[in-house]
Amino acid sequence: ISRNRDAAKYDFYHIQFVQGARIGYADITVKGGHILSFLLERPVSKDVKSHEQIKQSAERFIQNAGFTDVVYTEARENQTAWHFVYTRKADDLIVYPDSIQIKVAKDTGEVIGLNAMEYIQKESIPNHRTVPLDINTFFQSNVSVTDVKKIVTNNGHKEPRICYEIIVHRNGAEKYAYRIVIDAESHNIQKVEALT
């Protein structure tokens, strides 16, 4: 166990552990005992649990750890684990800078990694005005909108901004979906991302 006082935003304990073939670390704040991050490495078997079982394991962990103000926002996988992202929800806003990443082993459903540093830092909600967006006039007629959310995300200057996150499809090209982030005050497009 060591203590990091100088190089980090939060004073925390860094705990390294070994138990047989399992090795890992955990970073826990001195004030409040909040988990900032942990990672466990261990041998992996060829067994594979279903995606639903693994996601339920992540959901239980989120609830048991007291992260009650987050919603599921993203998942990706590699050969041995699923990586889930849960993001703070404040009123009707999804605050992307306040996300938690959880790594869950495919073979057992065990949570083997967590990064909650962004969540612990708790972003300030911007106070700029939001202007309603008329989707029917903003997009061309060959575009179908499938989802609209209000989010907080950082712009190109690393400033938090309230934006609209819109998922669209081009008509006749259902396999091509796009995530478009539009500033809620200026209606400038901040990001366009192709989804698979």
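Below is a summary of the structure that appears in this document.

Rules and cut-offs
- Residues numbered from 1 in each chain as written.
- Predicted model: local features only at pLDDT ≥ 70, side-chain atom pairs only at ≥ 80, totals over all residues.
- Heavy atoms only, no water.
- Phe/Tyr/Trp six-rings, centres within 6.5 Å; stacked < 30°, edge-to-face > 60°.
- Lys NZ or Arg CZ within 6 Å of the ring centre and 35° of its normal.
- Helix = DSSP H or I, 4+ residues; strand = E, 2+ residues; numbered from the N terminus.
- Buried < 20%, exposed > 50% of the residue type's maximum accessible area, 1.4 Å probe, protein only.
- Polar contact = N/O pair within 3.5 Å; in protein donor to acceptor, adjacent residues only side chain to side chain.
- Contact = heavy atoms within 4.5 Å.
- Pairing = 2+ DSSP bridges.
- Core = buried A, V, L, I, M, F, W, Y, C linked by side-chain atoms within 4.5 Å.

### Section: the packing of aromatic side chains
Within a pair of aromatic rings, the relevant descriptors are the distance that separates the centres and the angle that separates the planes.
Here is step 1: Enumeration over the complete set of coordinates arrives at 6 aromatic pairs.
Here is step 2: Relative to Phe139, the ring of Phe138 lies with its centre 5.2 Å away and its plane at 75 degrees, an arrangement referred to as edge-to-face.
Here is step 3: Aromatic ring contacts, followed pair by pair, group Tyr72, Trp82, Phe84 and Tyr86 into a single cluster.
Here is step 4: Over the face of the ring belonging to Tyr72 we find Lys55, whose NZ or CZ atom lies 3.8 Å from the ring centre.
Here is step 5: One cation-aromatic arrangement involves Arg88 over Tyr119; the distance from NZ or CZ to the ring centre is 4.1 Å.

### As for the side chain of His128
Here is step 1: Following the sequence through the fold, His128 ends up in the loop between helix H2 (117-121) and helix H3 (135-138).
Here is step 2: Judged by its relative accessible area of 16%, His128 falls in the buried class.
Here is step 3: A distance of 2.9 Å separates the side chain of His128 from the backbone nitrogen of Ile162, its partner in a polar contact.
Here is step 4: Setting aside chain neighbours within four positions, we find His128 in contact with Arg161, Ile162 and Glu185.

### As for the pairing of strand E2 (residues 12-19)
Here is step 1: Bridge analysis of strand E1 (residues 2-4) against E2 gives 3 bridges, and the strand direction is antiparallel. When the bridges of E2 are listed, Ser2 appears paired with His14.
Here is step 2: Direction of pairing for E2 relative to strand E3 (residues 22-29): antiparallel, over a ladder of 8 bridges. Note that in E3 the partner of Tyr13 across the bridge is Ile28.
Here is step 3: In sequence, E2 turns back onto E3 through a hairpin of 2 residues, with Gly20 there showing a positive phi of about 65 degrees.

### Regarding the nonpolar core
Here is step 1: Counting 18 residues, the largest nonpolar core has Ile100 and Ile102 as the members making the most contacts within it.
Here is step 2: Mapped by element, the contributors of at least two residues to this core are helix H1 (51-64), strand E6 (81-90), strand E7 (93-105) and strand E8 (111-115).
Here is step 3: Considering every element that reaches this core, the biggest residue donor is H1, with 4 residues.
Here is step 4: Those residues in contact with Ile102 that lie beyond four places of it in its chain are Ala58, Phe61, Ile62, Trp82, His83, Phe84, Tyr86, Val111, Gly113 and Leu114.
Here is step 5: Counting 12 residues, the second-largest nonpolar core is a separate cluster that includes Val95, Val152, Ile162 and Ile166.

### Things to note about the pairing of E6
Here is step 1: The buried fraction of E6 is high, at 7 of 10 residues.
Here is step 2: Note: strand E5 (residues 70-77) against E6, 7 bridges, orientation antiparallel. Bridge assignment links Val71 to a residue of E6, and that residue is Thr87.
Here is step 3: Taking the residues that link successive antiparallel strands as the turn, the E5-E6 hairpin has 3 residues.
Here is step 4: One ladder, built from 10 bridges, connects E6 with E7; its direction is antiparallel. Bridging from a neighbouring strand, Ala90 pairs with Leu93 of E7.
Here is step 5: Where E6 hands over to E7, the hairpin turn is made up of 2 residues, of which Asp91 adopts a positive phi near 55 degrees.

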